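# What the coordinates show
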Amino acid sequence: MKARSLKAAVAFYIESRRRLGFALESEGALLENLVEYAHQLHHRGPLTTKLALNWAQAPLSANSLRRARRLEAVRHFALFWAAFEPRTQIPPAGLFGAAYRRVPVHIYTPQQIAALLTRAQQLPPPESLRPLTFSTLLGLLACTGLRISEALQLELADWEPIEAVLIIRQAKFGQSRYAPLAPSAATALNTYLQARAKACPKGNSCALFLNRQGKGLTYREASATFVALRQQLNWQHQRLRPRLHDLRHTFAVDCLLGWYRQGQEELNAKILSLAVYLGHRNIRHTYWYLTAVPELLALGSARWAKALDSHKGAAHE
């Protein structure tokens, strides 16, 4: 293969991975930043370990987790590109520690979710679609556990009102799935869609959630609005500052807590169904919730101890 510039090599890598179903959003952005960094240094030729390590540590104020993630991103690229360009140097792994660490999650109380939705309904302008857009979006995240990216990618054709099912197309890892809604959630979504049709009768966007310009709501707009709502509710100073993604965590934890408290016998089957519903590629990501919240960990430990005692009792009979 003809030698390519670092820019062309990174573009080829990102395109190749995405064709295989990888979203590569954060990693792609990091590698594009690597290209800019190399350009500023007037770097020529293949990737070197020195370039990779210097970039991973820039800016110097970056914490160890950020450095580790940058190093992992460039290492993945180097391992791939070495097959095409033998002069590619592969930086050593693990110099800055683990690249991914579970952060403590905030579990919303029902009162907090209600306060968040109420505040969203008061967003300005009062007579616009915006208050209903955000109250519906946040309510949908809370009652389905969707990722914010999945909710924002929804189109009008993805809603089946008769079956009350959302179709989540090509989500994380290229997977698609169905997300059935409870009657109250389906009613709220239908109410929003009626208001959407009235507010934008000739809208050109097929996106389910629209911004004030009648175009698809972006993550930046959704995130900025959530931050503003959090400040209005005076949540920004909490020890575990609530995040948008914590609505997904709350949904998962509430499901597991409910099943434990009900004494579900086929709990493993329930957890498997939850993993499918949430779009987890590996069920260990679902089981992680058992240790993420103290109450769940205590319930799980008690259930395990009870099962162990029963097994011992049966062995002595």
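Residues numbered from 1 in each chain as written. Predicted model: local features only at pLDDT ≥ 70, side-chain atom pairs only at ≥ 80, totals over all residues. Heavy atoms only, no water.

### Some remarks on the overall build of the protein chain
Put simply, the test is: Only DSSP runs of H or I with at least four residues qualify as helices, and only runs of E with at least two residues qualify as strands; both kinds are numbered from the N terminus onward. Under the scheme applied here, a residue whose accessible area is under 20% of the maximum for its type counts as buried, over 50% as exposed, and between as partly exposed, the area being computed with a 1.4 Å probe on protein chains only. We call two residues contacting when some pair of their heavy atoms lies within 4.5 Å. For every accessible area listed, the method is Shrake-Rupley and the probe measures 1.4 Å; residues are considered covered only by the protein chains on display.
Across its full length, the protein chain holds 14 helices and three strands. Sorting the 317 residues of the protein chain into buried and exposed places 40% on the buried side. Partitioning the contacts of the protein chain with sequence separation of at least 6, the portion at a separation of at least 24 is 56%. As displayed, the protein chain has an accessible area near 18,200 Å², and 55% of this comes from carbon and sulfur atoms.

### Quick word on the sheet that holds strand β3 (residues 177–180)
This is how the line gets drawn: Pairing between two strands is assigned when DSSP locates at least 2 bridges connecting them.
The antiparallel open sheet is built from three strands, whose spatial order is β1-β2-β3. Of all the strands in the sheet, just β1 (159–160) and β3 have a single pairing partner and so form its edges. Relative to β3, strand β2 (residues 165–168) is paired through four bridges, and the arrangement is antiparallel. If you follow valine 165 over to β3, its bridge partner there is proline 180.

### A closer look at helix α8 (residues 183–199)
So the rule is basically this: To estimate the expected span of a helix, subtract one from its residue number and multiply by 1.5 Å.
Helix length check: α8, at 17 residues, gives a terminal C-alpha distance of 24 Å against a target of 24 Å (1.5 Å per residue), a fit within 8%. Check the buried side of α8 and you find it contacts α6 (130–144), β1 and β2.

### Section: the pattern of salt bridges
To keep things clear, this is the line we draw: Take a side-chain nitrogen of Lys or Arg and a carboxyl oxygen of Asp or Glu: if they are within 4 Å of each other, that pair is a salt bridge.
Following the criterion strictly, the structure yields six salt bridges and no others. Taking the shortest distance from any N to any O, the salt bridge between glutamate 15 and arginine 19 comes out at 2.7 Å. One end of the pair is glutamate 15 and the other is arginine 19, both in helix α1 (residues 6–19) and four residues apart, which spans about a single turn. We classify glutamate 15 as partly exposed; its relative accessible area is 42%. Arginine 243 is paired through a salt bridge with aspartate 246; the nearest N and O atoms lie 2.8 Å apart. Look at arginine 243 and you get partly exposed, because its relative accessible area is 30%. Among the charged side chains, a network of salt bridges with common partners joins Arg147, Glu150 and Arg177.

### A short note on the packing of helix α3 (residues 49–56) against helix α4 (residues 64–81)
Rules: To get an axis, a line is fitted to the C-alpha atoms, and for a helix only the part in contact is used. The angle between two axes follows their N-to-C directions and goes from 0 to 180 degrees. The scheme is simple: roughly parallel for angles under 35 degrees, roughly antiparallel for over 145, roughly perpendicular for 65 to 115, oblique for anything else. By convention, the crossing between two helices is left-handed when the near helix turns anticlockwise from the far helix through less than a right angle, and right-handed when the turn is clockwise. Residues are grouped as follows: Ala, Val, Leu, Ile, Met, Phe, Trp, Tyr, Cys and Pro are nonpolar; Asp, Glu, Lys and Arg are charged; all remaining types, including Gly, are polar.
Where α3 meets α4, the axes come as close as 8 Å, and the angle between the chain directions of the two elements is 150 degrees. Judged on the interaxial angle alone, α4 and α3 are roughly antiparallel. α4 is crossed by α3, and the crossing has right-handed handedness. Here Ala52, Leu53, Trp55 and Ala56 of α3 come into contact with α4, specifically with Arg67, Arg70, Leu71 and Val74. For the contact of α3 with α4, the per-class residue count stands at six nonpolar, no polar and two charged.

### Topic: the nonpolar core
Going by this rule: Nonpolar cores are built from buried Ala, Val, Leu, Ile, Met, Phe, Trp, Tyr and Cys residues. Side-chain atoms within 4.5 Å join them into one set.
Formed by 54 residues in total, the largest nonpolar core has its most connected members in Leu137, Leu138, Leu141 and Leu166. Those elements giving two or more residues to this core turn out to be α5 (110–120), α6, α7 (148–152), β2, α8, α9 (219–232), α10 (246–262) and α11 (267–278). Element by element, the count of residues in this core is highest for α10, at nine residues.

### Points about unusual backbone geometry
Residue proline 124 is joined to proline 125 through a cis peptide bond whose omega torsion reads -10 degrees. You can see proline 125 is positioned in the loop between α5 and α6. The residue alanine 164 is not glycine, and still its phi comes out positive at about 55 degrees. With respect to the helices and strands, alanine 164 occurs in the loop between β1 and β2. Judged by its relative accessible area of 15%, alanine 164 is buried. In this structure, asparagine 234 takes a positive phi of about 60 degrees despite not being glycine. With respect to the helices and strands, asparagine 234 occurs in the loop between α9 and α10.

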